[in-house]
Amino acid sequence: MSETFVRESLLQERAGNKVRCNVCARRCVIPIGGQGWCRTRENRAGTLVTLTYGDVSSQAANPIEKKPLFHFYPGSWCYTVGSWSCNFGCPWCQNWDISKSASDGSEFISPQRMIELTERSGCDGTSISFNEPTL
C-alpha cells in the first residue's frame, strides 16, 4: 500500500493499548497492527490512520436524479467519486467489487484536483458514492 493514501484519522480515541475508531457507528476497537471492520483504518503504533485518503476506485459525471438527493437541483450533474471498502454488509450491494475490496492504490485525487475535475466536466456539484461515503 502506498503511503500516499495514509493520513492520521481525525476521529479516534485511545482505548488502553488499542485505538477506538469513531468514523462510523461500528466504533471498532483496533489493536496495534490491526484494522477495523471496513479495512480503511489501521492502528499504527497507537495512532489510527486512514489507508484510503484520496484513493479513488471510481469516478463519473452523473445526473443528480441518480443520487438520493434527486429532488435537489433537478437537471444538474454531479462529479461523483467513490473509494474502497465499506462499513456496511448489504447482501444486495451492486458495488460489491469495490465495497468489499481493499484498495488497489491506483489513483490519488486531492481535494483541489476533485474541484478541477468537477469544473472541467461541466458538473454543477460533487458527490461521493459507490461505497459508504464517511470512510
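Attention in this report is confined to the structure presented alongside it. All figures in this text were calculated on a predicted structure; none of them were measured in a lab.

Parameters and conventions
- Residues numbered from 1 in each chain as written.
- Predicted model: local features only at pLDDT ≥ 70, side-chain atom pairs only at ≥ 80, totals over all residues.
- Heavy atoms only, no water.
- Helix = DSSP H or I, 4+ residues; strand = E, 2+ residues; numbered from the N terminus.
- Buried < 20%, exposed > 50% of the residue type's maximum accessible area, 1.4 Å probe, protein only.
- Areas by Shrake-Rupley, 256 points an atom, 1.4 Å probe, with all protein chains shown as cover.
- Lys, Arg positive; Asp, Glu negative; His and termini not counted.
- Charge placed at Lys NZ, Arg CZ, Asp CG, Glu CD.
- Contact = heavy atoms within 4.5 Å.
- Core = buried A, V, L, I, M, F, W, Y, C linked by side-chain atoms within 4.5 Å.

### Observations regarding the overall build of the protein chain
On a plain count of helices and strands, the protein chain comes out with two helices and nine strands. Considered along the principal axes of its C-alpha atoms, the protein chain spans approximately 50 × 30 × 25 Å. Out of the 135 residues in the protein chain, the part that is buried amounts to 39%. For the protein chain, the exposed area adds up to about 7900 Å²; of that, 56% sits on carbon and sulfur atoms. In the protein chain, the 14 positive side-chain charges and the 13 negative ones have mean positions that sit 8 Å from each other.

### Thoughts on the environment of Gly-46
When you line up the elements, Gly-46 lands in the loop between β5 (41-44) and β6 (47-50). Taking relative accessible area as the criterion, Gly-46 reaches 9% and is therefore assigned buried. As a C-alpha pair, Gly-46 and Ile-30 span 16 residues in sequence and 9.2 Å in three-dimensional space. Setting aside anything within four residues of it in sequence, one finds Gly-46 in contact with Gln-12, Arg-14, Val-19 and Ile-32.

### Some thoughts on the environment of Cys-93
For Cys-93, the location among the structural elements is in the loop between β8 (77-82) and α1 (96-99). Cys-93 sits in the partly exposed class, given a relative accessible area of 23%. Distance from Cys-93 to Phe-130, taken between C-alpha atoms, is 9.4 Å for residues 37 residues apart in sequence.

### Quick look at the nonpolar core
Residues Val-19, Cys-21, Val-23, Cys-28, Ile-30, Cys-38, Leu-48 and Leu-135 constitute the largest nonpolar core, which totals eight residues. Contact partners of Ile-30, with chain neighbours within four places excluded, come to Lys-18, Val-19, Cys-21, Gln-35, Gly-36, Arg-41, Asn-43 and Leu-48.

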